[in-house]
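Reading the structure
Letter by letter, the chains look like this.
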Amino acid sequence: MMSEKKELYLGYSSDKAVTPFFQEFLEALDQEKLMKSVCTECGTEFLPPRQHCQKCISLCELKEFTETEAKLRSYVVVDFAPESLTSKAPYVVAIGEFPSGLRLTAHITNLMSVPEVGMALKLAFEHIDDKKLTYKFLV
Amino acid sequence: MARKVAVVAAGHSKFGKRYDATMRELCAEAYKPIYDAGVTQDKIDATVLSYAASQFTGQGAGSALMADYLGLQNIPHLRVESACTTGTASLRAAWGMVAAGLYDVMLVLGVEQMNRVSSAVATEYMSQAGDMRWEYPYGISFPAFYALMASRYMYEYDMPHEVLSRISVKSHHYGAQNPKAHLPREVTLEEANNAVPICRPLNLYDCSLITDGAAGVVIAAEDRVKEFTDQPMWITGIGAGASAMMIQDRESLTSIPGAKRAAKAAYDMAGVGPKDLDMVQVHDCFSIAELIAYEDLGLAEPGKGRELIENKEVYHDSRIPVNCDGGLKSKGHPLGATGLSMTYEILKQMRGEAENQSRQIDDVKIGLAHNVGQSGQFVNVFIFERGW
Ligand SMILES: [Zn+2]
């Protein structure tokens, strides 16, 4: 018998459309592993992952992303939020760039002041609640 | 060989919080001056009737409703959608049909009704134009995307926020002189620079308005133009561009890559360059967007756009007038109407009919409209030339 699929969603106000590929990503994230995807034909890497390669439209497979140190490429402090995140505002959204050049968009959750472009970020994980989980950055 | 196509008439509703109207009445307000100019329903072969987001109204099949309300129910219509470029995308689609000979005369009309929901709900709907799987869960609102560009721009070029506020001051200066504007009042530099934060580094005065409104134009094939006007505005350049869906994947945050590509294509097609322009309408959904547009359109070198606003070179009586109707900031930004509102303004200026002559630009022969969708995923650049 197949084990029961755990109900998981990404981020704070989640898209509820979860595919098997995305479910695999979420289950790894549940174990505090961030997965990138690698094209099985041409080897191109994607973060966040895609099931299909953007270059050759072949299938990709998930592989653990092991970089943990990023640099802040840009940021925004969201004061006036979309309705679904109103209670969370203000929050900081960052684009972090890893040494490989791969990038990730996530919140920075432990800032006491406005961030500075170029500052060092560290990849971290958080279980928001029972079903919601996320990757994030810490300074 | 494509036929030449001209804009022969245009109409524009009052922009604002229009609790006295819904999308159908707004459409009628924009079509009425066109009808009065002689383009009655029987003269129109086909239409493109568009709006960006059906969530705001709940109305499905909206182009059918719009056509019916305007007495065009038996004439072929379709809707084109591409976020905030919906207006110029509709014009681009119609241009293709007329240039190819499928139709001779087309009405192109764009509308948006955005104020029947709260600002937070409107912000929610617009955030759903980000990547639903990877961006939306992090609450990246429409201003947040542009704030990500602003943070990077201010860092790379060591620019203070005040430069952006100077753009808002100009927008409101001209909006105050435009009877169609949503928020027609002047603001001071101090007021603009110290306003309540929305998405830092952007504040309230860096952001365009959530507006209800409609605008429309009629285009005609060259051999039919004379039936409608002796003051046609030829469409001589059309460039379209696109950029990566996720903002993190853009090769630059200090420029909109698709806008540069669109501008080059439009200049090449028209055989003109930035120095030939007499007026420009840019997509200032945020103050930073106007600054970046100066550079993407070649009006200034990268990083030097600030000089245009600091030296007041973009005012109506100076070197290269930009958004002398108040722009999206003060005139307002009803998504689907915006690109056609720009087209309307260029026609009025060319004809010497700027609403409120205090902002009339002298002798406009060539005008450019720059219309950007979402955070740069869609861009249309149009070049128009005076035909008389
Ligand atoms: Zn591939």
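Predicted, not measured: the structure shown is a model, and the values here were computed from it. (Residues numbered from 1 in each chain as written. Chains lettered and ligands numbered in written order. Predicted model: local features only at pLDDT ≥ 70, side-chain atom pairs only at ≥ 80, totals over all residues. Heavy atoms only, no water.)

1. Focus: the coordination of the zinc ion
Residue and element names in this part refer to chain A. Using the following cut-off: Here the term donor refers to an N, O or S atom within 2.8 Å of the metal (or 3.2 Å for Na, K and Ca), and because water is left out of the atoms, sites may appear incomplete. The rule is simple: four donors are tetrahedral if all their angles sit between 85 and 135 degrees, four are square planar and six octahedral if opposite donors span more than 155 degrees and the others lie between 65 and 115, and anything that fits none of that is irregular. To sort residues, take the accessible area from a 1.4 Å probe on protein chains only and compare it with the maximum for the residue type: under 20% means buried, over 50% means exposed, and anything in between is partly exposed.
Here the zinc ion is held by the protein donor atoms Cys-39 (SG), Cys-42 (SG), Cys-53 (SG) and Cys-56 (SG), which lie 2.3 to 2.4 Å from it. Taken together, the 4 donor atoms coordinating the zinc ion and their angles of 100 to 124 degrees define a geometry best described as tetrahedral. When the donor residues of the zinc ion are listed from N- to C-terminus, their spacing reads C-x2-C-x10-C-x2-C. Note on Cys-42: relative accessible area 40%, which makes it partly exposed.

2. Some thoughts on the packing of aromatic side chains
The line we're drawing: Side-chain rings of Phe, Tyr and Trp, where Trp is taken by its six-membered ring, are said to pair if the distance between their centres is within 6.5 Å; with planes under 30 degrees apart they count as stacked, over 60 as edge-to-face, and otherwise as tilted. For the purposes of this entry, the term helix denotes a DSSP run of H or I that reaches at least four residues, the term strand denotes a run of E that reaches at least two, and both are numbered from the N terminus. Consider the ring centre and the ring normal. A charge sits over the ring if Lys NZ or Arg CZ is within 6 Å of that centre and within 35 degrees of that normal.
This model, assessed by the stated rule, comprises 15 aromatic pairs over all chains. Measuring from ring centre to ring centre gives 4.7 Å for Phe65(A) and Phe98(A), while their planes differ by 75 degrees; the resulting arrangement is edge-to-face. Highlighted residues: Phe65(A) in the loop between β4 (60–64) and β5 (69–78) and Phe98(A) in the loop between β6 (91–97) and β7 (103–108), separated in sequence by 33 residues. A relative accessible area of 4% places Phe65(A) in the buried class. Linked through ring pairs, Tyr12(A), Tyr135(A) and Tyr138(B) together constitute an aromatic cluster. In this structure, Lys16(A) is placed above the aromatic ring of Tyr9(A), and the distance from its NZ or CZ to the ring centre is 4.9 Å. Its end group placed over the ring of Trp234(B), Lys4(B) keeps NZ or CZ at 4.1 Å from the ring centre.

3. A closer look at the sheet that holds strand β2 (residues 35–39) of chain A
All names here are of chain A. Condition: Two strands pair if DSSP finds at least two bridges between them. Whether two residues are in contact is decided by their heavy atoms: any pair within 4.5 Å suffices. The axes used here are C-alpha line fits, helices contributing only the stretch in contact, and every angle between their N-to-C directions lies in the interval 0 to 180 degrees.
The 3 strands lie next to each other as β3-β2-β4, forming an open sheet whose pairing is antiparallel. What marks the edges here is a single partner per strand, and that holds for β3 (45–46) and β4. Of the strands in this sheet, β2 and β4 touch helix α1 (residues 20–30), which is tilted by about 0 degrees from β4.

4. Focus on the pattern of salt bridges
Residue and element names in this part refer to chain B. As a reminder of what qualifies: We count a salt bridge whenever a side-chain nitrogen from Lys or Arg sits within 4 Å of a carboxyl oxygen from Asp or Glu.
Evaluation of the coordinates by the stated rule reveals 29 salt bridges over all chains. Across the pair Lys-170 and Glu-290 runs a salt bridge whose closest N-O atoms are separated by 2.8 Å. Highlighted residues: Lys-170 in helix α6 (residues 162–175) and Glu-290 in helix α9 (residues 287–296), separated in sequence by 120 residues. In this structure Lys-170 comes out as buried when scored by relative accessible area, which is 0%. Here Glu-290 falls in the buried class, since its relative accessible area comes to 0%. One salt bridge in this structure joins Arg-306 and Glu-310, with 3.1 Å as the shortest N-O distance. Here Arg-306 and its partner Glu-310 are both found in helix α10 (residues 305–310), 4 residues apart, which amounts to about one turn of the helix. On the basis of relative accessible area, Glu-310 is assigned to the partly exposed category, the value being 33%. Here the salt bridges do not stand alone but share partners, grouping Arg-3, Asp-104, Asp-223, Arg-224 and Glu-227 into one network.

5. Comments concerning the pairing of strand β4 (residues 105–112) of chain B
All names here are of chain B. Of all 8 residues making up β4, 8 are buried, and the element is well covered by its neighbours. The alternating pattern of β4 places Val-105, Leu-107, Leu-109 and Val-111 on one face and Met-106, Val-108, Gly-110 and Glu-112 on the opposite face, and all of these are buried. Direction of pairing for β4 relative to strand β7 (residues 213–221): antiparallel, over a ladder of 8 bridges. Paired with Glu-112 across the bridge in β7 is Gly-213.

6. Digging into the sheet that holds strand β1 (residues 5–12) of chain B
All names here are of chain B. The mixed open sheet is built from 9 strands, whose spatial order is β3-β2-β4-β7-β1-β8-β11-β10-β9. The outermost strands of the open sheet, each flanked by one partner alone, are β3 (77–78) and β9 (279–281). Against the sheet, helix α12 (residues 338–350) makes contact with β1, β4, β7, β8 (233–241), β9, β10 (366–373) and β11 (378–386), and its axis sits at roughly 170 degrees relative to β10, the strand it touches most.

7. Here's the deal with the pairing of strand β2 (residues 46–50) of chain B
Residue and element names in this part refer to chain B. This is how the line gets drawn: Viewed with both strands pointing away, a crossover whose connecting path from the first strand over the helix to the second turns clockwise is right-handed.
Across the 5 residues of β2, 5 count as buried, placing the element largely inside the fold. By the alternation rule, side chains of β2 split into Ala-46, Val-48 and Ser-50 and Thr-47 and Leu-49, which are all buried. Here 5 bridges tie β2 to β4, and the two strands are oriented parallel to one another. Bridge pairing links Ala-46 to Met-106 in β4. The pairing of β2 with β3 spans 2 bridges and is classified as parallel. Within β3, the position partnered with Val-48 by the bridge is Leu-78. Remark: the β2/helix α2 (residues 62–69)/β3 crossover connection has right-handed handedness.

8. Some details on the side chain of Asn115(B)
Residues and elements named next belong to chain B. Quick reminder of the rule: Two N or O atoms form a polar contact when they lie within 3.5 Å of each other; inside protein one atom must be a possible hydrogen donor and the other a possible acceptor, and for residues adjacent in sequence the pair counts only when both atoms belong to side chains.
By the secondary structure assignment, Asn-115 is in the loop between β4 and α4 (119–127). Among the polar contacts listed, one links the side chain of Asn-115 to the side chain of Lys-17, at a separation of 3.4 Å. In this structure the side chain of Asn-115 is engaged in a polar contact, spanning 2.9 Å, whose partner is the backbone oxygen of Ile-210. Beyond its immediate sequence surroundings of up to four residues, Asn-115 is in contact with Gly-16, Lys-17, Tyr-19, Ile-210, Thr-211 and Asp-212.

9. Details of helix α3 (residues 86–99) of chain B
All names here are of chain B. Here is the rule: Here the expected length of a helix is defined as 1.5 Å per residue gap, with one fewer gap than residues.
Here α3 is 14 residues long and its end C-alpha atoms lie 20 Å apart, about the 20 Å a rise of 1.5 Å per residue gives. Regarding α3, the residues found buried are Thr-86, Gly-87, Thr-88, Ala-89, Ser-90, Leu-91, Ala-94, Trp-95, Met-97, Val-98 and Ala-99. Residue Gly-101 follows α3 closely and has a positive phi angle near 95 degrees.

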